[in-house]
Amino acid sequence: MSRGSGGGYDRHITIFSPEGRLYQVEYAFKAVKAAGVTSIGVRGKDSVCVVTQKKVPDKLLDQTSVTLLFPITKYLGLLATGITADARTLVQQARNEAAEFRFRYGYEMPVDVLARWIADKSQVYTQHAYMRPLGVVAMILGIDEEKGPQLFKCDPAGHFFGHKATSAGGKEQEAINFLEKKMKNDPKFTYDETVQTAISALQSVLQEDFKASEIEVGVVREEDKLFKVLSTDEIDEHLTAISERD
Amino acid sequence: MGDSQYSFSLTTFSPSGKLVQIEHALTAVGSGQTSLGIKAVNGVVIATEKKLPSILVDETSVQKIQSLTPNIGVVYSGMGPDSRVLVRKSRKQAEQYYRLYKEPIPVTQLVRETATVMQEFTQSGGVRPFGVSLLVAGYDDKGPQLYQVDPSGSYFSWKASAMGKNVSNAKAFLEKRYTEDMELDDAVHTAILTLKEGFEGQISGKNIEIGVIDSKRIFKVLSPSEVEDYLQEVE
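The model shown is predicted, which means the values in this text are computed figures rather than measured ones.

Reading the values: the criteria
- Residues numbered from 1 in each chain as written.
- Chains lettered and ligands numbered in written order.
- Predicted model: local features only at pLDDT ≥ 70, side-chain atom pairs only at ≥ 80, totals over all residues.
- Heavy atoms only, no water.
- Contact = heavy atoms within 4.5 Å.
- Buried area = accessible area lost by both parts, 1.4 Å probe.
- Salt bridge = Lys/Arg side-chain N within 4 Å of Asp/Glu carboxyl O.
- Helix = DSSP H or I, 4+ residues; strand = E, 2+ residues; numbered from the N terminus.
- Nonpolar A, V, L, I, M, F, W, Y, C, P; charged D, E, K, R; others polar.
- Pairing = 2+ DSSP bridges.
- pLDDT = per-residue confidence, 0-100.
- 1 Å grid on protein atoms, 1.4 Å probe; cavity = no way out; pocket = protein on both sides within 12 Å on 5 of 7 lines; lining within 4 Å.
- Points joined across faces, edges and corners; volume = space filled by probe spheres on them.

## Focus on the interface of chain A and chain B
No. 1: With 37 residues of chain A at the contact, the number on the chain B side is 39 residues.
No. 2: Both faces combined, the contact of chain A with chain B buries some 3100 Å², and carbon together with sulfur accounts for 60% of it.
No. 3: Counting across the interface, chain A meets chain B through three salt bridges.
No. 4: With its nearest N and O atoms 2.9 Å apart, the salt bridge here joins Asp 58 of chain B to Arg 43 of chain A.
No. 5: Sorting elements by how many residues they give to the side of chain A that touches chain B places helix 3 (residues 111-127) of chain A first, with six residues.
No. 6: Among the residues forming the side of chain A that touches chain B, the class breakdown is 17 nonpolar, 12 polar and eight charged.
No. 7: As paired elements, strand 7 (residues 160-163) of chain A and strand 3 (residues 57-58) of chain B share two bridges and run antiparallel to each other. Looking at strand 3 of chain B, one finds that His 163 of chain A is bridged to Val 57 of chain B.

## Quick notes on the confidence of the model for chain B
No. 1: Here chain B averages 94 in pLDDT, while 98% of its residues score no lower than 70.
No. 2: Taken over the whole predicted complex, pTM reads 0.87, whereas the ipTM for its chain interfaces reads 0.81.

## Notes on the layout of surface pockets
Residues and elements named next belong to chain A.
No. 1: Computed from the structure, the second largest pocket encloses a volume of approximately 380 Å³.
No. 2: Contributing to the lining of the second largest pocket are 17 residues, with Glu 108, Pro 110, Ile 143, Asp 144 and Glu 145 lying nearest its centre.
No. 3: Grouping the constituent residues of the lining of the second largest pocket by class yields eight nonpolar, two polar and seven charged.

Set out below in structure tokens:
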């Protein structure tokens, strides 16, 4: 193996490039963007909402099986943006981990603990050559017993942060700019405002109005703490409310 | 560790005798956010910039300075995810020491064991070196101590040190300002002034983190309001 520029291997496995970068991790981020789907998450005063596009590439596909929004436990949800296959692996492992946690410790896995576990797993893939990083950005939502509504985002590099609002995917940066303006004065959104901010952010960034069947919406609310995927009727209500507002 | 397919080391010698992966890891550290540490006569202070990628990030969910034991704290420059691995391993090693000897682990020993882990990742099969340098601050029977550990696994004891983006300016500033008889409060002020030197934007209690340990031997991360108080004193 010749040295110099890492012998060209720095682009194939997660070893350092001469500039101290990990190309494989950066390419994993590109894979998330290339999926062509944008997702948004917004945290309100007593609820969290995540929204993503539902792209069904073929009319013959069963639409109900196309989803990127997964319940991990009754109380925790995960929205995956990026490579669907990697997302399903991650969800499977997360579900297992959350169930074991509940069994081992006797209480539900908190949001930040799950986010940290996912991020630590992602870090292992950036350091060990035998596994590539996953091409998924995961948004975890749930209600924490002490801290209230929580929204975490975990990326292929192993970073994880709590967010007031965030985005991932193709139009991530535009969405974040939009959300920064909306969240500038630390507004305390009600449940309806949270959902409508998330949906209208997606609409504004993609510059199209959606039908209820073209997006997926997931929420957790302080009152019952359960993770719920909204039905098309419920989504329609919010879409109508947004268009009447504008 | 790792798959048997990768039972060869990824960090190998170049013809000139250098370990280039380690050098690249140091480059990764050098592009990380600035952090520094100062040893005073009655304690140690470590501090770091806490620049978050967006105002949408909840800064209370992020804590860069962590405690390894009640009397030892650590800060890093470089890749955050890598530092979490080292913090976890170090905490476990400290607990194992306590279980065996029923005594808190001396700072030098914890530093040595952490450095050993980092060295192993430069030689083991199928893994890359850690992209972080650590500043370990502790207070034990030998008094206040400050150690820096690099991706290669080498470590040194420092009176004051800095790492990350602004390292050369920060170190020059520290060399001028450091005195052997500095007290902890002065050290905190000096730390803040050093961070301020290379700081882009408005420094506040929300975008820096400070950790201190004094003769009471309890490592503490200052709250944003406590940091603000020190910032006012420095103005």
